[in-house]
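# Overview (structure and organization)
Read off the chains here:
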Amino acid sequence: MTRDHYAVLGVARDASQDDIRAARRARLREAHPDANPDDPTAAERFALIYEAAEVLGDPERRRAYDASLRAGPGRPRTCYDVLEVAPDASAAEITEAYRNIVRAAGRPIPERAVTAYRRIGDPRRRAGYDRELGIPTRGQAGDIVVQVSRDAARAGAASVAVPDRELCPHCDGFGRIPLPCDVCEGRGYWRWAGSGTRCGACGGRGTDERACYRCVLSGWVGTTRTVAVRIPDGFHAGARVTVRDDLLGLVAFRLVPADEHPMADEVQ
C-alpha cells in the first residue's frame with residue numbers, strides 16, 4: 001500500500017513548511033518508542049512519520065510526491081479517501097458513507113468501496129490499518145492475548161486464530177436487501193387517472209430496503225482469521241509481538257505461557 005504522507009503527518013495537502021515542521025516535531029515526540037514502552041508498534045509508527053516528514057519537508061521531494069498524487073489512476077489513496085470520510089470519523093459515519101455509495105452506485109458495488117470498507121469498517125481492522133498509516137485510531141486497538149504451548153515456544157512460531165468479521169455475503173455489507181417496492185410494484189410511481197405520481201412509499205426509487213436476515217442489519221458476519229506469529233526465544237509472560245496482516249493491518253499480540261492465562265486461546 002502506498003503511503004499517504006499527508007495523512008501520516010496529519011496535515012492538509014496545502015500545508016506550509018512551518019506546519020509540516022511543527023507536525024513533524026509533535027508526531028515524532030508522540031510516537032517515540034521511549035515514550036511508548038508498552039506499544040510494540042511505536043517503532044514502526046515512528047519510522048513512518050520520519051519518512052513522511054523527510055519527503056514533505058524537502059521542497060524538491062515534495063513537488064515530485066505531489067505530482068505523483070495528480071498523476072491519475074495510480075495516485076495513492078487511503079481507505080478514508082475512497083469512502084470520503086475523515087480519518088477521525090466515527091464508526092457510524094463510516095458505515096453510513098459506505099451505504100450511501102451502495103445506494104448511489106447500485107449493484108455491482110464498486111470494488112474500491114468494498115475493499116476500503118473491509119479495511120476500516122470493522123474496529124479491529126481499522127486499528128491495524130491506522131497503525132500502518134501511523135495515525136491515531138478510533139478503532140479497537142487492544143492487544144490480543146494468546147497462550148503459547150511449550151511445543152510452540154520450542155518451534156518459535158505459532159498459528160493464531162484471531163476473532164474477525166467479514167462483510168455479509170448476502171448483502172455485501174450493506175445490512176439491507178433492496179427489493180421491489182410492494183406499493184408501486186417496483187415502478188417508482190402510481191398510476192392514477194391516466195397519469196403517474198411518484199410513489200410515496202419508496203420515494204420513487206422503485207425499491208424498498210429490507211433488513212438482511214443473515215447479518216440482522218449489521219452488514220458483518222463473524223469469522224476467524226489465521227495469523228502466523230513468531231515466538232521470540234525465551235519470551236517472558238506479557239511479551240508483545242507485532243505482525244502485519246493483509247486485512248488486519250498491524251496486529252499486536254501479547255504472549256503468555258499456556259498455564260498462566262486460562263482465558264486465552266492456546267496455540268500449538
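Residues numbered from 1 in each chain as written. Predicted model: local features only at pLDDT ≥ 70, side-chain atom pairs only at ≥ 80, totals over all residues. Heavy atoms only, no water.

## So, helix H3 (residues 42–57)
Put simply, the rule is: Labels follow the DSSP assignment, with helices taken as runs of H or I lasting at least four residues and strands as runs of E lasting at least two, numbered in each case from the N terminus. Each residue after the first adds 1.5 Å to the expected span of a helix. Relative accessibility under 20% of the residue-type maximum defines a buried residue, over 50% an exposed one, and the middle range a partly exposed one, all with a 1.4 Å probe and only protein chains included. Read the arc as the range of directions from the helix axis to the C-beta atoms.
In this model H3 runs 22 Å from its N-terminal to its C-terminal C-alpha over 16 residues, within 8% of the 22 Å that 1.5 Å per residue would give. For H3, the full list of buried residues reads Ala42, Arg45, Leu48, Ile49, Ala52, Ala53, Val55 and Leu56. The arc that holds the buried residues of H3, viewed along the axis, is 165 degrees, so those residues lie on one side.

## Here we look at the packing of aromatic side chains
Stated formally: When the centres of two rings from Phe, Tyr and Trp lie within 6.5 Å, Trp using its six-membered ring, the rings pair. Their planes under 30 degrees apart give stacked, over 60 give edge-to-face, and anything left gives tilted.
One pass over the full model with this rule turns up 4 aromatic pairs. A centroid spacing of 6.0 Å and a plane angle of 40 degrees characterise the contact between tyrosine 6 and tyrosine 65, whose relative ring orientation is tilted. Taken as a pair, tyrosine 6 in helix H1 (residues 5–9) and tyrosine 65 in helix H4 (residues 59–69) lie far apart in primary sequence, 59 residues in all. Of the two residues examined, tyrosine 6 and tyrosine 65, each falls in the buried class. When the centroid spacing of 6.1 Å and the interplanar angle of 55 degrees are considered together, the rings of tyrosine 80 and tyrosine 129 count as tilted. Residue tyrosine 80 is located in helix H5 (residues 79–83), and its partner tyrosine 129 is located in helix H8 (residues 123–133); the two are separated by 49 residues in the primary sequence. The exposure class of tyrosine 80 is buried, given its relative accessible area of 1%.

## Notes on the pattern of salt bridges
For clarity, the cut-off: The salt bridge definition used is simple: a Lys or Arg side-chain nitrogen within 4 Å of an Asp or Glu carboxyl oxygen.
Counting across every chain of the model gives 15 salt bridges. Between arginine 63 and glutamate 60 there is a salt bridge; the shortest N-O distance is 2.7 Å. Taken together, the positions of arginine 63 and glutamate 60, both in helix H4 and 3 residues apart, correspond to about one turn of that helix. Both residues of the pair, arginine 63 and glutamate 60, belong to the exposed class. The shortest N-O distance in the salt bridge between arginine 119 and glutamate 132 comes to 3.2 Å. Separated by 13 residues along the polypeptide, arginine 119 in helix H7 (residues 111–120) and glutamate 132 in helix H8 bring together distant segments of the chain. Accessibility expressed as a relative area gives 7% for glutamate 132, which makes it buried. One connected set of salt bridges, linked through shared partners, spans Arg118, Arg125, Asp164 and Glu166.

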